[in-house]
Structure formats: structure tokens, C-alpha cells
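Architecture and fold: a report
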Amino acid sequence: MLKVKLARLPEASVQRILILRTARMPQIQWTLEQLHAQYPSAGYAVLGTQLQNNVLFDGMRKFEVQSTWLKPAGLRKFERDIRNQHFDLVVMVLNGDGATGYEDVSRIMKKIPAQLKLVSGYSRRWYLWNHSAFSSGSFPRRWFCTVLEYLLFPFVHAYMFAKSSKPAYMPSGQERRAPGYER
Amino acid sequence: MKVLHVCSFYRPLGGAEKLLFNVLDLLEQNGVENVIVAPELGSNGPTGLRKEYFVEFLEFPFSRSALYATLFRNWGLMKVLRDILKLERPDVIHLHNQQNPFVYLACLLSGVPMVRNVHDPRLYCPTNWRLLPDKSLCPHAFGRACLSNGCVKPTLPDTRQLLMTIFNRRLSFMNTTLIIESQESYAMALQNGYRAEQLCLIPNCTPLLPLQKEMEAKARHGNTGQNTLLFVGRASYEKGLHFLLNALPKVRNDFKLFILTAGDYYQQQIAPLVQKLGLASRVEVRFDTNYQETATFYSAADVVIVPSIWFETFCLIGIEAYSHLTPVVATRTGGIKDWCVDGETGFLVDIFDEDALARRIDDLLDDPSMRKEFGMNGYRRVQELYTDKIYFQRLHALYEKAAHNGKSHSYRLPGLARRAV
């Protein structure tokens, strides 16, 4: 669990901030407002998915990841660029106050060098980031489960392949094909 | 009677949550004791109205999590749920909008009979919405077509999600009655292997004010001096806003479309489309309106549009519009066909038929007397079929039946039920 809760944002000389866009907009907005108030002269960059058409990110340097989720593989393309920016502060934003489901994002935090790394929780709380809060289990256990997962997957697909998809169900008036609206 | 409700969202959000809060109020007014289990989120605060337990999470991001994290964290969650069930000893467990199989397993192990709302096809569709990759409706039952149509790709995240869908689906056959909201949803449950005796058709409900009050509200808010169209709901693809916006340039009449929505979808997907279609001056969007404000919009609207392009399990928007004397133009899909009577309470159009949608909007905008008649017909339909009183009677009867028969059903789980709390 995230243990080190902060009463307020630390007072430090912060000029460059990187936000990891990993929560919904109201939470990002609150995080940005807090950061603007505490570090008024700082410049911002954002790393994540779906960064276009969003006024919140106007004027920021955008590192847009094309995949569905922000994962360590998505960082690879920008890693050198991000390192060269020498960020003072990196912030990951949570959809809840628990660490569940943010292990990959935490790995990205681990890879980005910065003097200060923070977590913005859903219920308007700040925490100091530490990777152990987001990952669990010893290496052998995790390794064993990962191997098990890979062994299990062919069986999952085999089960599905053996399962018939009949009968079909499609009432009239509903069978039109989608016209391919832009998404 | 004591009912333990497990819900992933315990705050005003969408139709499922609105129904949840209506149901909780109804049950409490009628002497049923409610206990809530919800995730610990900033927005899921205690209400002080009933006993509430907040746990770290209920919905788990399976596709993003390694097997170890999945097992480790859900094992902890199951222990917490076991303790809550041991302490509370409910007569029935009611799962609302809950898709975590480990939560299901913890409830099954308690031996307490369960009822479960089916708000969407997630019990048997790995894509959640029963849409094919090209976003057309999927006619297939859960099985090999999920692979052959490309809904599940041979990747790690997709396979993790698939594994959990299989697990969740298997558990849902045990000691559970599924609350089905519409006839089409019922047919699809049968198609996917559920037995008729496990299914209970209870259409959704909406609170209904006396007709005189609604007529006064309509007269007060309805004179906007312009043709007002209304869309309420998520701006995500399956709700059909793309379809509606592409049809709007074909509408002859002048109009103003109000969109009441929430979340990030609008800014990311819909706002650029509004600009592209040149509709910026005719579309107004409001975010996170509360239930009271939404009711005012229903009264003020000339036509409510429900352009969904998935198998809607019910869609509460329609009966809410009717309760405010407003007619609906909707797509002929899913549960919408249950409440919308074509040519009596509104119009039905085929999905993706932009010309028909535009034509039907014009038909209603051209003829105020038809709007009034359809709105009145809709109100009567809600009065006959979808009031909260009717809903409570059906739900309470189901709880009674489940509580009475539930123990005898646990023979399906002999090994597990023996460990019941």
C-alpha cells in the first residue's frame, strides 16, 4: 500500500514536470491545478494515451502512446527524449487510492529519472511513490506464475475453439453492418 | 430480510447506478435491511443511510495484471468478503454490475443464495458490448466465433480477459438467479446456455410523479422557443452518438441538440466530430448534470433520442423521457423494443439508418400534437409497466424465492457449500 502520505506538495525547486496520464480527466485536472499552484513557473509534459483534442494538455509537450494502455513498451519510443528533458518531478495519477492495477505504470515511473516522484490519489491525496506499493510477491513466485500463465494460454484458446458458437441470434432490423464511423 | 448488495459503483453515474439507488430506497421503505459492499474510492463516500463496507477494489484490471498479482490481490479481497459475509449473515446477496469472478467465488463459498443484475452481455462476451471488431452487432453465442471473428486476439491481455470471462461465466450458472431486464436480453441469455428457471425477467423502473405535476413541469420548461432534441448517456461508441450526429445534417427543421454526458469520451471522440460536421452552433453539451437537472432537460425537450447501436439490455433513458411526457426516437435494438411502441410512444428506426432517423425526428418536430399524444402514451406505458411499485413487488418476490430455495440449490456446489459461513 501507499504509505507515505503528504500533507501538501513538497517545497522544492521544480522547473520541469512530467505527468503520466493514467486516470480520468477530473482527477488529472485537480492534479494540474495543485501543481500549478505550488510550482507556478514549471513547464509541463504529459505521457499517455489519447492526448489530442484535450484543452487540459494544451501547451504541454505530449508523448502520446498509441496502444490502449500505458505500459513500459510504450515508453521505449520516448525514453531517450524523456531522459534528455531532465524532469524534476514525475507524477502518476490514480483512479482510486489503492495501488491495484498500476504495476506497469509504476515500472515506467521506475525508469524515468527525477529527483521527486509523486502519486496523486483519487480522493485528493498526495503520496510519495515507491514501486513496492504497486508490485507484490517474491521473484520466484512471480516467475512461477508467469510461466504458469503462458502454459495455461493454449488451453484457454483450445477450450474456446472447441466450444460451438451456435445458435446465432439476430432479429431483423439489427443486422446492418456498421458504416465505419471515425473512432 | 437482509440483503447484501455488492456494487462496483456506489455513486450517481449511469442508468445502472440510478436503478441501484432507486432499488435501495424502495427496499428500505418496505422494511428490507440493506448492507452495501463497494470499492474504496473518493467518489464512493459513505451515505450514512445504511451499513456500508468499502473494500480496496471490486473490479480488477485483469488484462493489465500478471497472474500473480491477480491471484494475490483477489485472494486478499476474498478473505475480506468472507469476513463481511460471516459478520452480516445476509439472506440474499445481490450483485449489481459486478464482473470480478473472485468476488463471485467468495459469495458462492458462503452458500448464501445470489441474485445478479445483467446490465450488459459481459457474462458471455469478452468484448463487453457484443459488437464485432467492425462494430456491427454480433449474432454469435460465446464460443469459437469469439476467436474466428477476431474479438479475442492471441495476445496476453486478451487471453487474460478471456480466461476471466470463462471463469465468471462458469460461476454464474451456480446458485444464482439472473435478473434480466428485457425480452431480447432473455433470448440472448438462453442462447448462451442459461436455463429458463435461472432467469427472472424484471424490467427496470423509474419514479413517476402525478400526471398533473408532470404536465405543469412540461408547460413550465417546454416553452424554449426552439426545437429541442436531447441525448442522455455516455458518449461512447455503443451509445450511438456518432450515428446521431451523422444523421443530424439530414434533419430539415432547425433544432438545438443538448447532450448530457460524463467522462472523457466526449472530448476525445465526439467534440472533433461535431466540429467536422459543422454542428457546433446547434449542439450544446453539459457534463455531470445531476438527476434533478436531467429531469428538467427531459421536461424541456421536444424529442429524446436513443440512438444506441448495441443490444441495449433495457436503456432507462426511454422510460425516464416518457415519465416526463416526452416522446422518443430510438433504434430498433435490444430492450428498447420493449418500452418503445413504434408509432404510439415514439418511433423506432433500424440501427445505422441515418435517413430514417432524420426523417422520424422531422416527423415529430413538424407535429406538436403528435409529440403530445406520444408523450402521453409513453407516460401511460410507464404507469402500467415500469413504476417502482411494480418493480419492488417483483424484486421482493424474487428475494423471497431465492432465500427460500437457495439452500436447496447449493447441491450444485457440494464441495464448496460445505465450507459455507
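Here's what I pulled together on the structure shown here. Worth saying up front: this structure is predicted, and the values here are computed from it rather than measured.

**With respect to the overall build of chain B**
What chain B contains, in helices and strands, is 16 helices and 13 strands. Expected size for 421 residues packed as a compact globule is a radius of gyration near 22 Å; at 22 Å, chain B falls within 12% of this value. In terms of overall dimensions, chain B has C-alpha extents of about 65 × 50 × 40 Å along its principal axes. Split into buried and exposed, the 421 residues of chain B put 60% on the buried side. Considering only intrachain contacts with a sequence separation of at least 6, the fraction spanning at least 24 residues in chain B is 68%. Within the structure as shown, chain B displays about 15600 Å² of accessible surface, and the carbon and sulfur contribution to it stands at 52%. On chain B, the mean spot of the 47 positive side-chain charges and the mean spot of the 43 negative ones are 7 Å from each other.

**Focus on the sheet that holds strand 7 (residues 126–128) of chain A**
All names here are of chain A. The 7 strands are arranged 1-7-6-5-2-3-4 in an open sheet whose pairing can be described as mixed. Two strands in the sheet have a free side with no partner beyond their single neighbour: strand 1 (5–6) and strand 4 (61–64). Taken together, the 2 bridges between strand 1 and strand 7 define a ladder with antiparallel strand orientation. Along strand 7, the bridge assignment pairs L6 with W126. Its contacts with the sheet place helix 1 (residues 25–38) against strand 2 (16–21), strand 3 (43–48), strand 5 (89–93), strand 6 (116–120) and strand 7, and it is angled at close to 155 degrees to strand 5.

**So, the pairing of strand 3 of chain A**
Residue and element names in this part refer to chain A. The buried fraction of strand 3 is high, at 5 of 6 residues. Here strand 2 pairs with strand 3 via 6 bridges, running parallel. Counted as the bridge partner of R16 is G43 from strand 3. As a crossover connection, the stretch from strand 2 through helix 1 into strand 3 is right-handed. Note that strand 3 and strand 4 share 4 bridges and pair parallel. Across the sheet, residue A45 finds its bridge partner in strand 4, namely R61.

**Here we look at the pattern of salt bridges**
All names here are of chain B. Under the defined criterion, the tally for this structure stands at 31 salt bridges over all chains. One salt bridge connects D120 with R122, and the closest N-O pair in it is separated by 3.2 Å. Residue D120 is classed as buried on the basis of its relative accessible area, which comes to 7%. A relative accessible area of 21% means that R122 is categorised as partly exposed.

**Details of the interface of chain A and chain B**
At the interface, 59 residues of chain A touch 72 residues of chain B. The contact between chain A and chain B buries some 5500 Å² in all, and 57% of this surface belongs to carbon and sulfur atoms. Contact with chain B buries surface across chain A, with M160, Y169 and Y181 of chain A losing the most and accounting together for 14% of the total. At the junction of chain A with chain B, the criterion picks out 3 salt bridges. One salt bridge connects R176 of chain A with D353 of chain B, and the closest N-O pair in it is separated by 3.2 Å.

**Regarding the nonpolar core**
Residues and elements named next belong to chain B. In terms of nonpolar packing, the biggest core is built from 60 residues, with L229, L244, L245, L248, L257, L357 and I361 touching the most fellow members. Broken down by element, this core gets its largest block of residues, 6 residues, from helix 13 (residues 354–366). Residues V55, L85, L95 and Y104 belong to the second largest nonpolar core, which totals 29 residues.

**Regarding the packing of aromatic side chains**
What the rule picks out here adds up to 19 aromatic pairs over all chains. Ring geometry for W129 of chain B versus W310 of chain B: centroids 5.0 Å apart, planes at 80 degrees, classification edge-to-face. With W129 of chain B in the loop between strand 5 (114–117) and helix 4 (145–148) and W310 of chain B in the loop between strand 11 (303–306) and helix 11 (316–323), this pair connects stretches of sequence that are 181 residues apart. On the numbers, 5.8 Å between centres and 80 degrees between planes, the contact of Y322 of chain B with W339 of chain B is edge-to-face. Pair noted here: Y322 of chain B is in helix 11 and W339 of chain B is in helix 12 (residues 336–339), with a separation of 17 residues, a long-range link. You can call Y322 of chain B buried: its relative accessible area is 0%. Put simply, the rings of F57, F60, F62, F102 and F167 of chain B pair up and form one aromatic cluster. Above the ring of Y291 of chain B, the side-chain terminus of K18 of chain B is found at 4.7 Å from the ring centroid. Its end group placed over the ring of F161 of chain A, R144 of chain B keeps NZ or CZ at 5.8 Å from the ring centre.

**Considering the pairing of strand 2 of chain A**
All names here are of chain A. Burial analysis of strand 2 places 5 of its 6 residues in the buried class, which makes it a mostly covered element. In this structure, strand 2 lies alongside strand 5, joined through 4 bridges in parallel fashion. By the bridge assignment, I19 is partnered in strand 5 with V91.

**Some details on the packing of helix 7 (residues 211–222) of chain B against helix 10 (residues 291–300) of chain B**
Residues and elements named next belong to chain B. For the pair helix 7 and helix 10, interaxial distance at closest approach is 8 Å and the crossing angle is 80 degrees. Of the possible angle classes, the one that applies to helix 7 and helix 10 is roughly perpendicular. Contact with helix 7, carried on its side by E214, A217, K218, H221 and G222, involves T296, Y298, S299 and A300 of helix 10 and no other residues of that element. Considering only residue class, the contact of helix 7 with helix 10 consists of 3 nonpolar, 4 polar and 2 charged.

Basis of the calculations
Residues numbered from 1 in each chain as written. Chains lettered and ligands numbered in written order. Predicted model: local features only at pLDDT ≥ 70, side-chain atom pairs only at ≥ 80, totals over all residues. Heavy atoms only, no water. Helix = DSSP H or I, 4+ residues; strand = E, 2+ residues; numbered from the N terminus. Rg over C-alpha atoms; globule rule 2.2 N^0.38 Å. Buried < 20%, exposed > 50% of the residue type's maximum accessible area, 1.4 Å probe, protein only. Contact = heavy atoms within 4.5 Å. Areas by Shrake-Rupley, 256 points an atom, 1.4 Å probe, with all protein chains shown as cover. Lys, Arg positive; Asp, Glu negative; His and termini not counted. Charge placed at Lys NZ, Arg CZ, Asp CG, Glu CD. Pairing = 2+ DSSP bridges. Axes fitted to C-alpha atoms, helices over the stretch in contact; angles between N-to-C directions. Right-handed = clockwise from strand over helix to strand, strands pointing away. Salt bridge = Lys/Arg side-chain N within 4 Å of Asp/Glu carboxyl O. Buried area = accessible area lost by both parts, 1.4 Å probe. Core = buried A, V, L, I, M, F, W, Y, C linked by side-chain atoms within 4.5 Å. Phe/Tyr/Trp six-rings, centres within 6.5 Å; stacked < 30°, edge-to-face > 60°. Lys NZ or Arg CZ within 6 Å of the ring centre and 35° of its normal. Parallel < 35°, antiparallel > 145°, perpendicular 65-115°, else oblique. Nonpolar A, V, L, I, M, F, W, Y, C, P; charged D, E, K, R; others polar.

These figures capture arrangement, not role.
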